[in-house]
Amino acid sequence: MTTRKKIIAANWKMYKDLTESNDFFTFFIENIQDTNAEILIAPSFTNLWHAFEATRDYPIEIIGQNMHEAEEGAYTGEVSAQMLKSIGIKRVILGHSERREYFGETNMILSDKVRTAMANEMKIIFCIGEKQEDRKDENHFKLVESQLRNGLFHLSEKQWESVVIAYEPVWAIGTGETASPEQAQEMHQFIRKTIAGKYNNEVADGVSILYGGSVKPTNAKDLFAQADIDGALVGGASLEVESFIDIISAL
Ligand code: PGA
């Protein structure tokens, strides 16, 4: 029996201004049902502080979507781990495929970000996942293995307590096309086995692995029924407060 955490995380990307964010939380707080899952929400940087304040008395954790790998410096437009920490943020998403694709975040940069997060006692949701062509070429396991190895395998066993993994096949993100529960389970199991191979079963069994990619109220239950799927990282369907609540209920 595993004791690993069940988690539903919302990734709002570059959506919702302050008013929209406040409206979401007003409704969400009033309507959320009791759940054993941890609820994480990642608004834009400009909404972080308000979101943090709005949810202070509730079991909702506000998290960052990204941070820079340097402690501080002349990096116009960037945000540091310490800045996030100073407003109460204790966790950040790293390595989202949109960051990798549009902002040139390589495995090397990401391993630096992971290092900086750990040095600042910042927990992470680390995203990995293959593109359509990787899967077509049957290269998807190798690709995911290399993302794990290059991004996370410099961590100590102890540091893995601060890690959540999100498996997000790029072809399923925002496309409406979800990995089948079996495809997702197969990859989650592979990820866990790869971690066990590098570390041990205890580390592998303790890490929550979320699925991401067009998770909706209609497909959430079947995904969550899989043994190695511990929750979801939700984009589009988390913007709509009622569908986000339904996804939480499905877990
Ligand atoms: P999606 O996004 O749910 O809109 O596919 C998931 C993500 O990018 O984390």
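Above this note sits the structure.
All values reported here derive from a predicted model rather than from experimental measurement.

J.: Quick question: what am I supposed to make of the sheet that holds strand β2 (residues 38–42) here?
T.: Hydrogen bonding along the main chain pairs the strands of a sheet, whether they run parallel or antiparallel. Ordered in space as β3-β2-β1-β8-β7-β6-β5-β4, the eight strands form an open sheet in which the pairing is parallel. The open sheet has two free edges, formed respectively by β3 (60–62) and β4 (91–94), since each of these has just one partner strand. Strand after strand, the sheet turns through a mean of 25° between neighbouring axes, direction not considered. In the sheet, strand β1 (residues 7–11) pairs with β2 via five bridges, with the strands oriented parallel. The partner of isoleucine 7 across the bridge, within β2, is glutamate 38. The sheet strands contacting helix α12 (residues 241–250) are β1, β2 and β8 (231–234), and the helix crosses β1 at an angle near 160°.

J.: In this structure, what is going on with the site of the ligand? I would like to understand it.
T.: Close to the ligand lie 13 residues; Lys13, His96, Glu168, Gly174 and Ser214 are nearest. A distance of 2.6 Å separates an oxygen atom of the ligand from a polar side-chain atom of glutamate 168. With respect to the ligand, the backbone of serine 214 contributes an N or O atom lying 2.7 Å from an oxygen atom. When the free accessible area of the ligand is taken as 280 Å², the share hidden by the protein chains comes to 96%. In terms of residue class, the shell around the ligand is made up of four nonpolar, seven polar and two charged.

J.: Looking at this model, I keep getting lost on the packing of aromatic side chains. Mind explaining?
T.: By convention here, two paired aromatic rings are described through the distance between centres and the angle between planes. For the structure on display, the rule yields 12 aromatic pairs. Taking 5.5 Å as the distance between ring centres and 80° as the angle between the ring planes, the aromatic pair formed by phenylalanine 24 and phenylalanine 25 counts as edge-to-face. A residue is classified by how much of its surface remains accessible, and phenylalanine 24, at 3% relative accessible area, is buried. In this structure phenylalanine 25 comes out as buried when scored by relative accessible area, which is 1%. Lying across the ring of tryptophan 12, lysine 16 places its NZ or CZ 5.3 Å from the centre.

J.: Could you clarify how one ought to interpret unusual backbone geometry in this entry?
T.: Here the phi dihedral of glutamate 138 falls at roughly 55°; this positive angle occurs in a residue that is not glycine. At serine 214, a position not held by glycine, the phi torsion is positive, near 55°. Here serine 214 shows up in the loop between β7 (209–212) and α10 (217–224).

J.: Got a minute to help me understand α12 in this structure?
T.: Because each turn of an α-helix spans 3.6 residues, side chains separated by three or four positions in sequence point in the same direction. Burial analysis of α12 places seven of its 10 residues in the buried class, which makes it a mostly covered element. Here α12 has its buried residues at Val241, Ser243, Phe244, Ile245, Ile247, Ile248 and Ala250. The inward-facing, buried residues of α12 contact β1, α1 (18–31), β2, α10, β8 and α11 (236–239).

Basis of the calculations
- Residues numbered from 1 in each chain as written.
- Predicted model: local features only at pLDDT ≥ 70, side-chain atom pairs only at ≥ 80, totals over all residues.
- Heavy atoms only, no water.
- Pairing = 2+ DSSP bridges.
- Helix = DSSP H or I, 4+ residues; strand = E, 2+ residues; numbered from the N terminus.
- Axes fitted to C-alpha atoms, helices over the stretch in contact; angles between N-to-C directions.
- Contact = heavy atoms within 4.5 Å.
- Near = heavy atom within 4 Å.
- Polar contact = N/O pair within 3.5 Å; in protein donor to acceptor, adjacent residues only side chain to side chain.
- Areas by Shrake-Rupley, 256 points an atom, 1.4 Å probe, with all protein chains shown as cover.
- Nonpolar A, V, L, I, M, F, W, Y, C, P; charged D, E, K, R; others polar.
- Phe/Tyr/Trp six-rings, centres within 6.5 Å; stacked < 30°, edge-to-face > 60°.
- Buried < 20%, exposed > 50% of the residue type's maximum accessible area, 1.4 Å probe, protein only.
- Lys NZ or Arg CZ within 6 Å of the ring centre and 35° of its normal.

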